Amino acid sequence: MLRFTLLWLLVFLFASISSSSARPAPYAMRISCGARQNIRTPPTYTRWYKDFAYTGGIPANATAPSHITPPLKTLRYFPLSEGPENCYIINRVPKGHYSVRIFFGLVEHEIDNEPLFEVSIEGTIIHSLKSGWSKNDEQVFAEALVFLLDGSVSICFHSTGHGDPTIISIEILQIDERAYYFGPEWGRGVILKTTSRLTCGTSKPKFDEDYSGDHWGGDRFWHPIRTFGKNADAPRSTESGIKKASTVPNFYPEALYQSAVVSTDSKPDLAYTMDVDPNKNYSIWLHFAEIDATITSAGKRVFDVLINGDTSFENVDVVGMSGDRYTALVLNTTVALSGRTLTITLHPKKGNHAILTAIEVFQVIVAESKTSSEEVRALQSLKKSLGLPNRFGWNGDPCVPKEHPWSGADCHFDKSGRKWFIDGLGLDNQGLRGSLTNEISKLHHLQSINLSGNSIHGAIPSSLGAVTSLEILDLSYNFLNGSIPESLGKLTALRRLNLNGNSLSGRVPSALGGRLLNGASFNFTDNHGLCGIPGLPKCGPHLSAGAKVGIAFAVFLSLVLLVICSICWWKRRQNILRAQQIADPLGIV
């Protein structure tokens, strides 16, 4: 009995240690765009979250363009009236390495209206939709492998004037930190955009989930290709287990390696050609497993691998390199392509036939540097205080993607700090009706501000004097009031100041008046309350704002005391009259 008890204790202890050291499940966020409630979809009953409060846009019923699209019934689209850039901002995302995938859709009853737009992740463009995308399984979604390090992710859709961006779903799936390591260039400043992912020798499209793959693989989609051409090859398949498949860091599903294509006697070379963007770098991953029963040992099948005619791998012996039959082998290379096609050729050297299981092709994209977070917050505050119209957008990052900067914001790249910053604001004649807040001073690198011809009201923030790089400040023809802050006199780089056409009052700071002698161009006209420099009325006794408040308070207090004294006198007089009226009937003199 004691031996039995000890045995169970050992089993329990081993299970406890195993469970405590087991890897936790990866982070996963799946969003059903336009959905009003969380839902689950068959056959895996995957959970999709509603997209409340992530973005703007308009929800609508969806038409899924492909059978591989998640079976969701809604989407969200972004009309141009809401701005040229619209973003999903998703917070509380743990730091890590992620596969981010976005499925596109069509608005119900508008299936002939195929929109074309661009997609960016964290300010880097990862995809541009091409005409005909809705009829191609590999183009109904965009996918990229990216490091997310600041606790959030921004996924933006940029209009190109060819229809409204329409999004069915977004997936953010954590993968291994070292997934798809391809060499020294790999790292946190690099994004891998999925260009193509093929499974050979089968006609059924599958996701990792369909293969019962490890969740750390990111639920990849594998597009089927049964043959590379008529009589070019023959499919092979097996039900035998595959060794060394689902391993760190890429976790390829074992079942992926149970089908393949093998070249034929009539066409011993296996060749696959695909379209690519020119002048880009591509990371190519080739998968093999010797599942052909005719190959019984190493040395029976040997071939070279050529990329666009150049040899990338010589004397590939799948059995010899993997260690055994029915064992996974993965080869990776990165190539620079100047043309628009990529051709992968397997050329037999022994055995007359080549074998191939799967292909993955990624475009290597250098991630864009982002705008200073302090300046982004300052612009967002300015957007709110000025009531910036929706048509401006101002979503995502102000400076990147470089092809889609914020309208009215000029950017400059600081090479030493690897950051973008804002050096100009041009929002003149835009119908703005708000006010200026002190947050504008957080734009430390501004050289030019032009907000003329709007309906901005309130005072000029004294904090503007902290933007020491400012050379041009044009706030003319608004409804600004109050005095000109003394702090503007500290702007030694200021060479043009237009405050004309407002309702400003008080003395112009003497430092600004002195600057006119040095060739600066200042305009204070059409402000009936300003005084103190040539061209404006002379100032009378000048009181500070505090003194004016003090005088006003004293006058108010005097009036209150006068009223109180009057009431007291009136009540005393009423009491005297009442006493006299009582005394007369009694004959009291």
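Scoring rules and cut-offs
- Within each chain, residues carry numbers counting from 1 in the order of the written sequence.
- The predicted origin of the model limits local features to residues at a pLDDT of at least 70 and limits the giving and counting of side-chain atom pairs to 80 or more, whereas totals for whole chains, interfaces and linings rest on all residues.
- Hydrogen atoms and water are omitted, and side-chain values are computed over all heavy atoms in the structure.
- Only protein chains enter the accessibility calculation, which uses a 1.4 Å probe; a residue whose area is less than 20% of its type maximum is buried, one above 50% is exposed, and one in between is partly exposed.
- Secondary structure elements are defined from DSSP: runs of H or I of at least 4 residues count as helices, runs of E of at least 2 residues count as strands, and each element is numbered from the N terminus.
- Here a strand pair is declared whenever DSSP counts at least two bridges between the two strands.
- Criterion for a disulfide: a pair of cysteine sulfur atoms at a distance within 2.5 Å.
- Given a helix with a known number of residues, its expected span is that number minus one, times 1.5 Å.
- Any two residues having at least one pair of non-hydrogen atoms within 4.5 Å are treated as being in contact.
- Each salt bridge in this description consists of a side-chain nitrogen of Lys or Arg and a carboxyl oxygen of Asp or Glu lying within 4 Å of one another.
- Values of pLDDT, which run from 0 to 100, indicate the predictor's confidence residue by residue.
- When the centres of two rings from Phe, Tyr and Trp lie within 6.5 Å, Trp using its six-membered ring, the rings pair. Their planes under 30 degrees apart give stacked, over 60 give edge-to-face, and anything left gives tilted.

- Under an unreviewed UniProt entry, the name given to the chain is Malectin-like domain-containing protein, and the organism recorded is Gossypium barbadense.

### Things to note about the pairing of strand β21 (residues 302-307)
And step 1. The buried fraction of β21 amounts to six of the six residues, a majority that puts the element mostly inside the structure.
And step 2. Every second residue of β21 is oriented toward a common face, with V302, D304 and L306 on one face and F303, V305 and I307 on the other, all of them buried.
And step 3. As defined by bridge partners, β21 adjoins strand β24 (residues 341-350) across six bridges and the pair is classed as antiparallel. Bridge assignment links I307 to a residue of β24, and that residue is I344.
And step 4. Note: β21 against strand β22 (residues 310-316), four bridges, orientation antiparallel. When the sheet's bridge partners are listed, I307 is paired in β22 with D310.
And step 5. Adjacent in sequence and paired antiparallel, β21 and β22 are bridged by two residues, among which N308 carries a positive phi angle near 50°.

### Some thoughts on the state of the cysteines
And step 1. What the rule picks out here adds up to three disulfides.
And step 2. Covalent S-S linkage joins C87 and C156, the inter-sulfur distance amounting to 2.0 Å. On the sign convention where negative means left-handed, the S-S torsion of about 105° between C87 and C156 marks this disulfide as right-handed. Of the two residues, C87 is situated in strand β6 (residues 85-91) and C156 in strand β12 (residues 152-162); the sequence distance between them amounts to 69 residues. Each member of the pair, C87 together with C156, is buried.

### Digging into helix α3 (residues 373-385)
And step 1. Compared with the 18 Å implied by 1.5 Å per residue over 13 residues, the 18 Å span of α3 between its first and last C-alpha is a close match.
And step 2. Those residues of α3 lying buried are E375, V376, A378, L379, L382 and S385.
And step 3. Of the surrounding elements, those touching the buried residues of α3 are β28 (419-426).
And step 4. Note on α3: the residue one or two positions beyond its end, G387, has a positive phi of about 60°.

### Considering the pattern of salt bridges
And step 1. Summed over the entire model, instances satisfying the criterion amount to 19 salt bridges.
And step 2. A salt bridge links D304 to K349, with the shortest nitrogen-to-oxygen separation between them at 3.5 Å. Taken together, the residues span a long stretch of sequence, with D304 in strand β21 and K349 in strand β24 at a distance of 45 residues.
And step 3. Each of R30, R101, E143, E171, R197, D219 and E360 takes part in one network of salt bridges that share partners.

### A look at the confidence of the model for the chain
And step 1. For the chain, per-residue confidence averages 90 on the pLDDT scale, and residues scoring 70 or more make up 88% of the total.
And step 2. Scored below 50 in pLDDT, residues 1-21 shows zero contacts in the model against residues more than four places distant or in partner chains.

### Looking at the packing of aromatic side chains
And step 1. For the structure shown, the criterion picks out 22 aromatic pairs.
And step 2. Measuring from ring centre to ring centre gives 6.0 Å for Y27 and Y98, while their planes differ by 85°; the resulting arrangement is edge-to-face. Of this pair, Y27 sits in the loop between α1 (2-21) and β1 (28-32) while Y98 sits in strand β7 (residues 96-104), and the two are 71 residues apart along the sequence. Accessibility assignment for this pair places Y27 and Y98 in one class, buried.
And step 3. Aromatic pair F104 and W133: ring centres 5.8 Å apart, planes at 80°, arrangement edge-to-face. Taken as a pair, F104 in strand β7 and W133 in the loop between β10 (124-128) and β11 (141-148) lie far apart in primary sequence, 29 residues in all.
And step 4. Residue F104 is classed as buried on the basis of its relative accessible area of 0%.
And step 5. Of the aromatic side chains, those joined through ring pairs into one cluster are Y54, F78, Y88, F104, F117, W133 and F157.

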